[in-house]
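Descriptive structure summary
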Amino acid sequence: MAALCFPKEGITKNDFHHAVFNEIVTILSGPRNGLQLATKKSIDEDELILTVGLTDPEAKKQLAHMEDLSVRLSQTLYDEKKVDVPTSTKQYTGLDYNAAGKFVPSPGKELNGDEIPNSHHAYLSYSAKKAHMFEEVSQLDCIRLVKRRLLKFLHMDELVDHGIVNQWFPVHHWDELDELHNKGWNNPTRILQWPSEARSDSINKYFGPEMAFFFHWYNHLTRWLAFPAILSIFTYGARISGLVSRIQINYVSMAFAAMLVIWSSMYVSQYRQAKNLKQNKWGMENLGASALVVRKQFKDAYRDSFADYAQHFFHWFMVVFFVFETIMAVYYVTQMQVRAKQHPHEHGPFGIPNEYIAQYAKYLITINIKFVDKVWTPISNWLTNKENWRSMQELQQSMIAKMFCVKMFVFYYPFVYIIVIQPYTKGCGPDNSRNDLTGCIDELNESLILFFFSQIAIEIALLIAYLGFAAWGVRSERSKHPDKQYTYLELQGKTMPYTEEDLISDSLNAVVTYGYIILFGVSLPFMCLLGFLTNLVMIRLVAYKVSYAYQRPMPKAMDGIGTWEGVMRILGYVGVLTNAYIAMFTLRAFRDEDMVWKLIMFIVLQNVGMGLKMAIEGLFDERNSAHKRIIEYHDDCKDVLLDEKDPPTIGDGKVAALDSPFK
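Rules of the game
- Residues numbered from 1 in each chain as written.
- Predicted model: local features only at pLDDT ≥ 70, side-chain atom pairs only at ≥ 80, totals over all residues.
- Heavy atoms only, no water.
- Helix = DSSP H or I, 4+ residues; strand = E, 2+ residues; numbered from the N terminus.
- Buried < 20%, exposed > 50% of the residue type's maximum accessible area, 1.4 Å probe, protein only.
- Contact = heavy atoms within 4.5 Å.
- Areas by Shrake-Rupley, 256 points an atom, 1.4 Å probe, with all protein chains shown as cover.
- Lys, Arg positive; Asp, Glu negative; His and termini not counted.
- Charge placed at Lys NZ, Arg CZ, Asp CG, Glu CD.
- 1 Å grid on protein atoms, 1.4 Å probe; cavity = no way out; pocket = protein on both sides within 12 Å on 5 of 7 lines; lining within 4 Å.
- Points joined across faces, edges and corners; volume = space filled by probe spheres on them.
- Nonpolar A, V, L, I, M, F, W, Y, C, P; charged D, E, K, R; others polar.
- Axes fitted to C-alpha atoms, helices over the stretch in contact; angles between N-to-C directions.
- Parallel < 35°, antiparallel > 145°, perpendicular 65-115°, else oblique.
- Left-handed = near helix turned anticlockwise from the far one by under 90°.
- Pairing = 2+ DSSP bridges.
- pLDDT = per-residue confidence, 0-100.
- Salt bridge = Lys/Arg side-chain N within 4 Å of Asp/Glu carboxyl O.
- Phe/Tyr/Trp six-rings, centres within 6.5 Å; stacked < 30°, edge-to-face > 60°.
- Lys NZ or Arg CZ within 6 Å of the ring centre and 35° of its normal.
- Patch = residues over 30% accessible without salt bridge, like charges linked within 9 Å, V, L, I, M, F, W, Y side chains within 5 Å.
- Core = buried A, V, L, I, M, F, W, Y, C linked by side-chain atoms within 4.5 Å.

Observations concerning the overall build of the chain
Broken down by element type, the chain carries 21 helices and ten strands. With respect to the principal axes defined by its C-alpha atoms, the chain has extents near 95 × 90 × 55 Å. Among the 663 residues that make up the chain, the fraction classed as buried is 50%. Long-range pairs, those at least 24 residues apart, make up 78% of the contacts in the chain with a sequence separation of at least 6. For the chain, the exposed surface amounts to about 32,800 Å²; the carbon and sulfur share of it is 60%. Within the chain, one finds 67 positive and 71 negative side-chain charges whose respective centroids are separated by 1 Å.

Focus: empty space enclosed by the protein
If a probe the size of a water molecule is rolled over the atoms, the empty space left behind becomes visible. Considering all chains together, one arrives at eight cavities of 30 Å³ or more under this definition. Taken as a whole, the second largest cavity encloses approximately 110 Å³ of empty space. As for the second largest cavity, its lining consists of 13 residues, of which Gln396, Leu503, Ser507, Ile561 and Trp564 are closest to the centre. Where the lining of the second largest cavity is concerned, the elements lending two or more residues are α8 (209-241), α13 (392-420) and α17 (500-520). For the lining of the second largest cavity, the element with the highest residue contribution is α17, accounting for four residues. Residues that form the lining of the second largest cavity fall into these classes: eight nonpolar, three polar and two charged.

A look at the packing of helix α7 (residues 199-207) against helix α9 (residues 246-282)
Two quantities define a packed helix pair, namely the angle between the axes and the distance from one axis to the other. Axis separation between α7 and α9 bottoms out at 12 Å; the angle between their running directions is 45°. Considered as vectors, α7 and α9 are oriented oblique to each other. Two packed elements cross with a definite hand, and for α7 against α9 that hand is right-handed. In this structure, α7 uses Ser200, Asp201 and Asn204 to contact α9, whose residues at the interface are Lys278, Lys281 and Trp282.

Digging into the pairing of strand β2 (residues 36-41)
As defined by bridge partners, β2 adjoins strand β3 (residues 47-53) across six bridges and the pair is classed as antiparallel. In the sheet register, Ala38 faces β3, and the bridge partner there is Thr51. Remark: five residues form the turn of the hairpin made by β2 and β3, two consecutive strands paired antiparallel; Glu45 in that turn has positive phi of roughly 60°.

Side note on the confidence of the model for the chain
Overall, the prediction assigns the chain a mean pLDDT of 82, with 91% of residues at 70 or greater. Segment residues 91-108: pLDDT under 50, and 45 contacts once partners within four positions in sequence are set aside and those in other chains are kept.

With respect to the pattern of salt bridges
Scanning all chains against the criterion turns up 15 salt bridges. A salt bridge links Lys275 to Glu565; the shortest N-O distance between them is 2.9 Å. Of this pair, Lys275 sits in helix α9 while Glu565 is found in helix α19 (residues 563-585), placing the two residues 290 residues apart along the sequence. Comparing Lys275 with Glu565, the two get one shared label, buried. A network of salt bridges, in which partner residues are shared, links Asp201, Lys278 and Lys281.

Section: the packing of aromatic side chains
What characterises a pair of aromatic rings is the spacing of the ring centres plus the angle enclosed by the ring planes. Per the stated rule, a full pass over the model turns up 28 aromatic pairs. When the centroid spacing of 4.9 Å and the interplanar angle of 40° are considered together, the rings of Tyr126 and Phe134 count as tilted. For the pair shown, Tyr126 and Phe134 are each scored as buried. An aromatic cluster is built from Trp185, Tyr206, Phe207, Phe214, Phe215, Trp217 and Tyr218, whose rings are joined through pairwise contacts. It is Lys613 that lies over the ring of Tyr573; its NZ or CZ is 5.2 Å from the centre.

Regarding a nonpolar patch on the surface
Nonpolar side chains collect at one region of the surface, where Phe350, Ile352, Tyr356, Tyr360, Tyr363, Leu364 and Ile367 lie side by side and expose about 780 Å² of accessible area between them. Per-element tally for the nonpolar patch: the top contributor is helix α12 (residues 362-386), with three residues. By the element assignment, Ile352 lies in the loop between α10 (306-342) and α11 (354-360).

A short note on the packing of α7 against α8
Packing of α7 against α8 brings their axes to within 7 Å, and their N-to-C directions diverge by 155°. Comparing their axes, α8 and α7 come out roughly antiparallel. In this structure, α7 crosses over α8, and the sense of that crossing is right-handed. Where α7 abuts α8, its residues Ser200, Ile203, Asn204 and Phe207 lie against Pro209, Met211, Ala212, Phe215 and His216.

A few points about the side chain of Gln279
Tracing the chain through its elements places Gln279 in helix α9. By relative accessible area, Gln279 is classed as buried at 11%. Apart from the residues within four sequence positions on either side, Gln279 is in contact with Phe213, Met284, Glu285 and Asp559.

Quick look at the nonpolar core
Judged by nonpolar contacts, the single largest core of 111 residues is most densely connected at Phe207, Phe215, Trp217, Tyr514, Tyr516, Phe520 and Trp564. Sort the elements by how many residues they give to this core and helix α18 (residues 527-549) lands first, with 15 residues. Filtering out sequence-adjacent residues up to four positions away, Trp564 remains in contact with Ile400, Phe404, Ile504, Ser507, Leu508 and Val511. Counting residues in hydrophobic clusters, the runner-up holds 37 residues, among them Val83, Ala131, Leu145 and Met156.

Written out as C-alpha cells, the structure is:
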C-alpha cells in the first residue's frame with residue numbers, strides 16, 4: 001500500500017485540485033489498473049491522505065503478468081512433480097549424496113512464526129495462465145506493482161513539484177515491525193544479539209532486496225570481526241599488563257597485522273559467495289537491465305553539452321575544495337598545538353589559554369571530520385541529483401564515488417598525517433622527538449578510540465533528534481484537536497523518507513569502520529574489538545531507525561551492495577601499504593635500523609602482502625559448491641517442473657523419401 005498526501009491550498013486552486021484528484025482516482029482504480037483506493041483526512045484536515053493498495057487476487061495476477069514480475073515457484077508445484085527443492089546443505093547417503101540436499105531450518109523464524117528454511121526455489125516471470133505454478137503475489141510484490149503503475153501513469157515528481165502531492169511512500173505495517181522487534185532485530189536493547197545469517201531473509205520479505213543486502217553485508221562483516229576481536233583482547237591484555245616489553249608488543253602487533261591481511265582476503269571472498277547465494281535465494285540473479293530505472297529528469301540532448309561538462313567539473317572542484325579544507329584544518333590545528341606547547345603561559349585564538357589549546361586542540365580534528373561529513377553529504381547529493389544521469393544506478397554510483405573520495409580523505413588523512421607527516425614536522429610525544437615515534441603511535445591510538453566512541457554518540461544523538469522532531473510535530477497537532485484520534489498512517493507522514501542518500505551514509509559508516517581496522521591494525525589491534533562492538537550497536541540503531549524514525553524505504557531490486565564491495569576490496573590492498581609503513585618506519589622495534597634496510601623491508605612486506613591477498617582471493621570462485629549444485633539441479637529438473645515436453649508433431653510431420661546408398 002502507498003500513501004499520497006494532497007495539500008489543501010487556497011480556494012483558487014480548489015477546482016484544479018478537484019479535477020486532478022478525480023483524474024488520479026479514475027486512472028488508478030479504473031480497468032487499466034484495478035487498484036483499491038481510500039481517503040482519510042488528517043487530524044487538522046489540512047491534508048487528504050489517499051491510500052493506494054492492491055488486494056484483489058485477480059488484479060494481482062494480471063498486473064504481475066503484465067509487469068513481468070519475477071515470482072518463486074510454489075512448494076505445491078515441487079510436491080506435485082515429486083521434485084525436491086534444492087537446499088544449501090548436502091545430504092550424504094553412503095558414498096554419494098542427494099543433489100537436492102536436505103531441509104535444515106535456519107536459526108530464527110519468519111515473521112509469521114514459520115522456521116526460516118535453507119531451500120532455494122526457482123524464480124520465473126509470472127504467467128497468469130500458469131498461476132498455479134507460482135506462490136501468491138506477496139505484500140512486498142504488491143508494493144512494487146503499485147509503484148510501477150503509479151510511475152507508468154503519473155508523473156509523481158511533477159505532482160510534488162506543483163504542490164498537488166506533498167509526498168508518497170510505502171506504508172509500514174505495525175504488526176510485522178512488532179514481530180521483528182520481538183525477535184530483537186530492531187530492538188536497541190538487544191545490542192548483544194548475534195547477527196545471524198538467516199535474519200536477512202525476514203528483512204528481504206518486509207523491506208526488499210536493497211535493504212536486505214545491506215543488513216546481510218553488515219551482519220556478515222560483524223560476524224567475521226568476532227575472530228580478530230577476540231584475538232585483540234589478548235594483545236591488549238599483553239600491552240597493559242607490563243609483562244611484555246614495548247618491542248615485543250611491536251612484534252605481536254605485526255603478526256596481528258599479517259593475520260588481518262589474510263583475514264580481509266578471506267572475508268571479501270566469503271562475502272562474495274554468501275551474497276551470490278542470497279541472490280539465488282531471493283531471485284536477484286541475472287538482474288542486469290531488468291533493474292534499470294531511467295530517470296524522468298534525463299535529457300539525451302543535454303548529454304555531452306558544455307553545461308553538462310560544467311556541472312561535472314564544478315562537482316569535482318567541490319571534491320578538491322573539501323579535501324583541501326581537511327589538509328588546511330589539520331595543518332592549522334597542528335601548528336596551533338606547537339605554538340601552544342612552546343608558549344604555555346600565553347593565549348591563543350579568541351583569548352583561549354595555550355595550556356588548554358595544547359591539551360584539547362586535538363579534538364578539533366575529530367569535530368572537523370564530523371562537520372565535513374555532515375556538510376558534504378547534502379551538498380554532494382544535491383549536486384548529483386541535478387546532474388544528467390540516465391539511470392538511478394548511474395546516479396547512485398556517481399554519488400558514492402564523489403562522496404567516498406572526500407570522506408575517505410577526511411576520515412583517514414588526519415590519522416595518516418600523525419604517522420607519516422607529523423614525525424618530520426612537529427615531532428612525536430611531549431619532547432617532539434623525530435627519532436622515537438612512539439608518541440605518534442600513542443596519539444594515533446587515542447584519536448582512533450575517540451573516533452569510535454564519537455561515532456556511536458553522534459548517531460544516537462541524530463536518531464533522538466529525528467524522533468523528537470516527529471514527536472514534536474505530532475504533539476503540536478494533537479494539542480489542537482485533543483478529541484480526535486491520531487492514526488499510525490498519519491504519524492508516518494510526519495517522519496522523514498529513508499532515501500538513497502541515507503542508505504549510502506549508513507553504508508559509509510560501516511565501510512569507514514572497516515577501513516580503520518584494515519589501515520591501522522598494526523598500530524592498535526584493539527580496534528577490532530571496538531569495531532565489532534560498534535557494529536553491534538550500529539546494526540540495531542539503523543534497524544530501529546528504518547523501522548520507527550523514518551518512512552518505510554521504497555523496495556528496490558538489487559543484486560548486492562554495489563560499489564561498496566569493490567571499495568572494501570581496495571581498502572584491503574591499501575591496508576597492506578599502511579601497515580607495512582607503520583611497522584617499518586614508526587614502531588620502536590626497528591627504530592635503530594638503517595633507512596635503506598627499512599625501505600627494502602617495506603617494499604618486501606608490501607609485495608608479499610599484495611601477493612598473498614591476490615593468491616587467497618584467487619582460490620575462491622564467485623559461487624560456492626552449494627550454489628553451483630542448486631543451479632545444476634534446477635537445470636536438470638526444470639523440464640519436469642514446467643511440463644516442457646516435445647510436441648507430438650514438429651513441422652509437417654512427413655517422413656523424407658530417400659533411397660539408401662547402402663542397399
